[in-house]
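Observations on the model geometry
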Amino acid sequence: EIEAKYTKKMQVLRDELELRRKTEIHEVEERKNSHISELMRSHEKAFSDIKNYYNDITIKNLALISLLKEQIEEMKKKENQLEKEKTDVLLQNKHLKEPLQQAQEQVSELQKKLAHYDKDKMALMNTKALLKVTQKELKDLRWEHEVLEQRFIKVQAERDELYQKFTKAINEVQQKTGFKNLLLERKLKGLLSVLEKKEVELSEVLAASNLDPSALSLVSNKLEDVLNSKNSTIKDLQFQLARACKAHNDMLQTFEAKLTAFGIPLDNLGFKPLVSPVPGQ
């Protein structure tokens, strides 16, 4: 029973597999037939395209051949015409040979001139470049000149102002110094005259009075003390006068140095150094 059962199943399976095999074979044949049909259509289309392509090439080649024949005929005509022109040109060359020689000589001469022209052109370019540099330097120098001129005007104004101030100061100092010197000189002369008078009076008094030596010594000592005091006063006055003269001269030297520094001439200055009336001061 088991053997019969499995034999039956085996038979059924064989039938199913046989049916499947036939179905698959049928499908494969259909796909094969479809692919064959597609290939045939593709080949027919390719053949038609190739046929049209070569037909177009043939037509184009025929047209090109016809065009080339026409061009050859045209070129032959041009060649004949060029031959004629060549003959005419040869004749013209014979006639133009002498003018050509003259023209060549002119060309040679012009080439020489051209060489000089190139040199002149290069020199002109160099000169223009140098001119630009020179113009720039001139512009800078003009600017510096303007700046220096403005500074010069300013310094000149300061110099004039300083000159006026120094002149005014020197005049004032000179006036004060001269006035003080005059006073000191007058005072010194007065003291000297008083001293001379006192000496004369003293000598007369001593001559008139017959004093004893002790009283005469006492009077002489007192007189010497008075004279020493007056001499000390005179020396102080002389020292003050010498100091005023020195201050005046120092101020004058400083003023002259400033004028020299500013370039002002000292010819018309009008001030002279003071000389001390006392030797050695």
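Note: the structure precedes this text.
Residues numbered from 1 in each chain as written. Predicted model: local features only at pLDDT ≥ 70, side-chain atom pairs only at ≥ 80, totals over all residues. Heavy atoms only, no water.

1. Quick look at the overall build of the chain
Helix and strand counts for the chain stand at two helices and zero strands. When burial is assessed residue by residue, the chain has 9% of its 281 residues classed as buried. Considering only intrachain contacts with a sequence separation of at least 6, the fraction spanning at least 24 residues in the chain is 80%. In the structure as shown, the chain presents an accessible area of about 24600 Å², 58% of it carried by carbon and sulfur atoms. (Helix = DSSP H or I, 4+ residues; strand = E, 2+ residues; numbered from the N terminus. Buried < 20%, exposed > 50% of the residue type's maximum accessible area, 1.4 Å probe, protein only. Contact = heavy atoms within 4.5 Å. Areas by Shrake-Rupley, 256 points an atom, 1.4 Å probe, with all protein chains shown as cover.)

2. Here's the deal with the packing of aromatic side chains
Applying the stated criterion to the full structure yields one aromatic pair. Consider the rings of Tyr-53 and Tyr-54, whose centres lie 5.3 Å apart with planes at 75 degrees: the pair is edge-to-face. Sitting over the ring of Tyr-6, Lys-9 keeps its end group 5.2 Å from the ring centre. (Phe/Tyr/Trp six-rings, centres within 6.5 Å; stacked < 30°, edge-to-face > 60°. Lys NZ or Arg CZ within 6 Å of the ring centre and 35° of its normal.)

3. Quick notes on a negative patch on the surface
Judged by side-chain charge, Glu-24, Glu-27, Glu-29 and Glu-30 come together as a negatively charged surface patch. In this structure, Glu-30 sits in helix H1 (residues 2-208). (Patch = residues over 30% accessible without salt bridge, like charges linked within 9 Å, V, L, I, M, F, W, Y side chains within 5 Å. Salt bridge = Lys/Arg side-chain N within 4 Å of Asp/Glu carboxyl O. Lys, Arg positive; Asp, Glu negative; His and termini not counted. Charge placed at Lys NZ, Arg CZ, Asp CG, Glu CD.)

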